[in-house]
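# Observations on the three-dimensional arrangement
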There are 2 protein chains.
Amino acid sequence: MSNAYNRPDQLSPELRRRVLETARRLGYPGPDPVARSLRTRKAGAVGLLLTENLSYAFRDPAAVGFLEGLALACEDAGQGLLLVPANPEREDVAAVHRAGVDGFVVYSVPDDDPHLAAVLERPVPTVLCDQPDLEDVDRVGIDDRAAMTELARHLIELGHRRVGVVCMRLARDRNDGYVSHERQQSARFHVQRSRLAGLAQAFTEAGVDWQDVPVVERFDHTIASGASAAAQVLERDPRITALICTSDILALGALAEADRRGLRVPQDLTVTGFDGIREAEQSGLTTVRQPVLEKGRAAGKLLLDSAERTRPRSVTLATELIRGTTAAPPRSAADERWFGP
Amino acid sequence: MSNAYNRPDQLSPELRRRVLETARRLGYPGPDPVARSLRTRKAGAVGLLLTENLSYAFRDPAAVGFLEGLALACEDAGQGLLLVPANPEREDVAAVHRAGVDGFVVYSVPDDDPHLAAVLERPVPTVLCDQPDLEDVDRVGIDDRAAMTELARHLIELGHRRVGVVCMRLARDRNDGYVSHERQQSARFHVQRSRLAGLAQAFTEAGVDWQDVPVVERFDHTIASGASAAAQVLERDPRITALICTSDILALGALAEADRRGLRVPQDLTVTGFDGIREAEQSGLTTVRQPVLEKGRAAGKLLLDSAERTRPRSVTLATELIRGTTAAPPRSAADERWFGP
DNA sequence: ATGAAAGCGCTAACAG
DNA sequence: CTGTTAGCGCTTTCAT
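Note that the structure is predicted; figures quoted are calculated from it, not measured.

## Here's the deal with unusual backbone geometry
Residue and element names in this part refer to chain A. Val265 connects to Pro266 through a cis peptide bond whose omega is 10 degrees. You can see Pro266 is positioned in the loop between α11 (248-260) and β10 (270-272). Residues other than glycine seldom take positive phi values, yet Ser108 does so here, at roughly 50 degrees. Of note, Ser108 is situated in the loop between β3 (104-107) and α6 (114-121). Even without a glycine there, the phi angle at Asp130 is positive, about 55 degrees. Along the chain, the position of Asp130 falls in the loop between β4 (126-129) and β5 (138-142). Exposure remark for Asp130: the relative accessible area of 6% places this residue in the buried category.

## Some points on the packing of helix α4 (residues 61-76) of chain A against helix α13 (residues 292-304) of chain A
Residue and element names in this part refer to chain A. With their axes 6 Å apart at the nearest point, α4 and α13 run at an angle of 35 degrees to one another. Like other packed secondary-structure pairs, α4 and α13 cross with a definite hand, here right-handed. Packed against α4, whose contacting residues are Ala62, Gly65, Phe66, Glu68, Gly69, Leu70, Leu72, Ala73 and Cys74, the element α13 presents Val292, Leu293, Lys295, Gly296, Arg297, Ala299, Gly300, Lys301 and Leu304 at the interface. Residue classes in the contact of α4 with α13 are distributed as ten nonpolar, four polar and four charged.

## Digging into the relation of the copies chain A and chain B
In the superposition of chain A on chain B (RMSD 0.0 Å, axial shift 0.0 Å), the rotation amounts to 180 degrees. Such a turn and shift between the copies fits a two-fold axis. Distance from the rotation axis, computed per C-alpha, reaches its smallest value in chain A at Leu82 of chain A: 2.1 Å. The residues that chain A uses at the interface reappear at the interface of chain B in 97% of cases, marking a shared surface.

## Focus on the protein's contact with DNA strand C
As a matter of local geometry, DNA strand C sits amid 17 residues, with Tyr28, Asp32, Arg36 and Arg39 of chain A together with Leu15 of chain B nearest to it. Sugar plus phosphate: this is where 75% of the atoms of DNA strand C within 4 Å of the protein reside. Here Asp32 of chain A contributes a backbone N or O atom positioned 2.6 Å from a phosphate oxygen of DNA strand C. At 3.0 Å, a side-chain N or O of Arg41 of chain B approaches a phosphate oxygen of DNA strand C.

## Describing the environment of Ala280 of chain B
All names here are of chain B. Tracing the sequence through the fold places Ala280 in helix α12 (residues 278-283). Note on Ala280: relative accessible area 1%, which makes it buried. Ignoring sequence-local partners within four residues, the contact set of Ala280 consists of Asp248, Leu252 and Leu285.

## Examining the environment of Val109 of chain B
Residue and element names in this part refer to chain B. Tracing the chain through its elements places Val109 in the loop between β3 (104-107) and α6 (114-121). For the pair Val109 and Gln267, spaced 158 residues apart in the sequence, the C-alpha separation amounts to 37 Å. Excluding residues within four positions of it along the chain, Val109 makes contact with Leu49, Leu50, Thr51, Leu116, Gln131 and Phe189.

## Quick notes on the interface of chain A and chain B
Tallying the contact residues gives 38 residues for chain A and 38 residues for chain B. With both sides pooled, the region where chain A packs onto chain B buries about 3400 Å², and carbon together with sulfur makes up 62% of that total. By the criterion of area lost to chain B, the three top residues of chain A are Phe58, Glu75 and Arg98 of chain A, representing 19% of everything that side buries. For the pair chain A and chain B, the interface holds six salt bridges. The salt bridge partner of Arg41 of chain B is Asp32 of chain A, with a shortest N-O separation of 2.6 Å. Across the contact surface, chain A and chain B share six residue pairs in polar contact (both at pLDDT 80 or more). For the side of chain A that touches chain B, the secondary-structure elements that each account for two or more residues are α3 (33-40), α4, β2 (80-84) and α5 (94-98) of chain A. Residues of the side of chain A that touches chain B, tallied by class, amount to 20 nonpolar, eight polar and ten charged. Pairing between β2 of chain A and strand β2 (residues 80-84) of chain B: three bridges, direction antiparallel. Note that in β2 of chain B the partner of Leu81 of chain A across the bridge is Leu83 of chain B.

## Details of the domain arrangement of chain A
Residue and element names in this part refer to chain A. Taken domain by domain, chain A consists of domain 1 (43-142 + 292-318) and domain 2 (144-290 + 322-339). Using only C-alpha atoms to locate each centre, domain 1 and domain 2 end up separated by 29 Å. Between domain 1 and domain 2, the contact holds 21 residues from the first and 18 residues from the second. Both sides of the domain 1 and domain 2 interface together cover about 1700 Å² of buried area, and 50% of this is carbon and sulfur. In this structure, the connection of domain 1 to domain 2 is made through three salt bridges. Viewed at the interface, domain 2 and domain 1 are joined by seven residue pairs in polar contact (both at pLDDT 80 or more). Sorting the residues of the side of domain 1 that touches domain 2 by element identifies α4 and α13 as the ones contributing at least two each.

## With respect to the pairing of strand β5 (residues 138-142) of chain B
Residues and elements named next belong to chain B. Within β5, five of the five residues are buried, which leaves the element mostly enclosed by the surrounding structure. The two faces of β5 match: Asp138, Val140 and Ile142 on one face and Arg139 and Gly141 on the other face are all buried. As paired elements, strand β4 (residues 126-129) and β5 share three bridges and run parallel to each other. Pairing of Leu128 across the sheet is with Arg139, part of β5.

## Brief notes about the state of the cysteines
Residues and elements named next belong to chain A. Evaluated as defined, the whole model comprises zero disulfides over all chains. Of all cysteine sulfurs, the one in Cys245 lies closest to Cys167, which takes part in no disulfide; the gap is 9.8 Å. In this structure Cys167 comes out as buried when scored by relative accessible area, which is 0%.

## Details of the protein's contact with DNA strand D
By nearness alone, 16 residues border DNA strand D, and Leu15 of chain A together with Tyr28, Asp32, Arg36 and Arg39 of chain B come closest of all. When atoms of DNA strand D within 4 Å of the protein are sorted by moiety, sugar and phosphate together comprise 76%. Within the side chain of Arg39 of chain B, an N or O atom sits 2.3 Å from a base oxygen of DNA strand D. Elements supplying a minimum of two residues to the surface near DNA strand D: α3 of chain A together with α1 (2-6) and α3 (33-40) of chain B. Counting residues per element, the surface near DNA strand D draws most heavily on α3 of chain B, at five residues. In terms of residue class, the surface near DNA strand D is built from six nonpolar, four polar and six charged.

Cut-off values and rules
- Residues numbered from 1 in each chain as written.
- Chains lettered and ligands numbered in written order.
- Predicted model: local features only at pLDDT ≥ 70, side-chain atom pairs only at ≥ 80, totals over all residues.
- Heavy atoms only, no water.
- Helix = DSSP H or I, 4+ residues; strand = E, 2+ residues; numbered from the N terminus.
- Buried < 20%, exposed > 50% of the residue type's maximum accessible area, 1.4 Å probe, protein only.
- Axes fitted to C-alpha atoms, helices over the stretch in contact; angles between N-to-C directions.
- Left-handed = near helix turned anticlockwise from the far one by under 90°.
- Contact = heavy atoms within 4.5 Å.
- Nonpolar A, V, L, I, M, F, W, Y, C, P; charged D, E, K, R; others polar.
- Least-squares fit on C-alpha atoms with pLDDT ≥ 70 in both.
- Near = heavy atom within 4 Å.
- Polar contact = N/O pair within 3.5 Å; in protein donor to acceptor, adjacent residues only side chain to side chain.
- Buried area = accessible area lost by both parts, 1.4 Å probe.
- Salt bridge = Lys/Arg side-chain N within 4 Å of Asp/Glu carboxyl O.
- Pairing = 2+ DSSP bridges.
- Domains from an automatic or database assignment.
- Disulfide = S-S within 2.5 Å.

Here you go:
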């Protein structure tokens, strides 16, 4: 009987037809997928863990791009994609335990996230995205630090020395405001930590004392947050010539805030982002483009090609500095050029 | 032992701690979620079926909004969200059979979709979205027909009588071109069928012979498709004063095509959409806004509140006509006003 | 408080 | 080609 459903070749088409019809007549709804999974040890689905509320994944363009790539990979393999609810506010790890999946993709969670720990305890393959290397776990990501260093050098070349930074959440606790040097270095989000480190390195090399550079953090990753953070930086130090944001979303907010203050970009203020989302491209934002879709697809492939036993594997994708229209030499530098030092 | 994991209250904390520690030391990875699901008859996840390739869900803003709402509802209930791969090109229904879920949400698939049939055969609750009423199945949607009639009347009031229509896929087969009257009426996608019917009704009432109105269909739902469809309509009948698109995405393409041809909107050509996505709002598109997020959330709630036994339940959400800047009286009508009839 | 045992529905292996 | 059976890992019930 099981054969009628799963091995059409093992019996005559006629018999198969008869069996199936009888089954239907008896009200048999077809094999129970859960029982089958238990027996075959295959769930037919990939689990996705992300740090934010589930719905956030659909609000952030970068996350959407990642999901699209991951979905593509799952689709090719005929696998489902299970979004695992992991509320960062609560510590409810149960959802991770209950997920019937053949493997996990973990997308940009803090190092100390209990959900991540729960995933790693499960005896299924896992791919980490935008995380530091972890022993025995596959990884895909970009070189956040190098990319940010390149962007910083671009600004330095333009003449910027007095800059401010707006960054995303650095740890699980909410800290909407200035970031101490210590907090920067101990940030739990690998991506943010690396980007800040890249900035610090480039500016230190250029003779700027990084301790003097104001860095403002926002817990919520929204355009409004970017705007308010930009306001906070500009309030404290109006002489800043460039506002470096660690994401395009935040940069979009900074642009809005600059506009609100009557500051022309890039003449009065340079603004930069990170990610290369479509909305940023449309604004002409100077930013770093990273291949979010490819990242998702690579993560999925890595997970589903677990045939290769050469674990752990690590994939680092290339980024590209986008010289948009929101970065230019600072006013003072331009003036110096005209009037001499 | 099972109690240690699931009933912390049934035994002393001390014992629980000891049991768990011993288990860990023995390399026990925690209860197997699939086996648990089999036993408890709960998968802890909601399945989502959509007609398109899985990754499409992340490219269409309306679908993303719906997903966000659905994810919100799942999150609240601590349920996972399983995206079921259902390639519309293939007839591979297996993924539906294999999905370990407690219920399905079906989002805008054609009436005759085999995946939909497979879902309905499964003995789990189901919520249909943007589908015609089906006996014994919960439903959530909008009144597509009435909304489109309202939009059409708005155009008629402005003076438009010679219009063209660009619509989405009407059935599972690809038909990039003109749509016969017969195909319009037998369209397998409830949403498109209703919207066309709403248009036909309004224009017929206004004395326009609907048979004369060119309707062009596109299989792919992209801005490029909208542009090429618009071109096709304008090519055949340059005297058209308004281009009615059954989605904002298509309308965005139509706007681009109008621009390419040097037609000013709305002076030379009126263009309208449907859905009310953010990109449309930014373009000032005249359209119908529907609450996509609410639709997703309502679908999730309906599914998860299966406590209420008064099935089938039906939820119809309100829509709103958005009078944007892409609709105005047609040239001829305006001329008549200036120079007299 | 603890241990033993039944059985969820299926598939794979094997016997007829 | 067909029928039978063991057991996947868990939870629940019942007995100790």
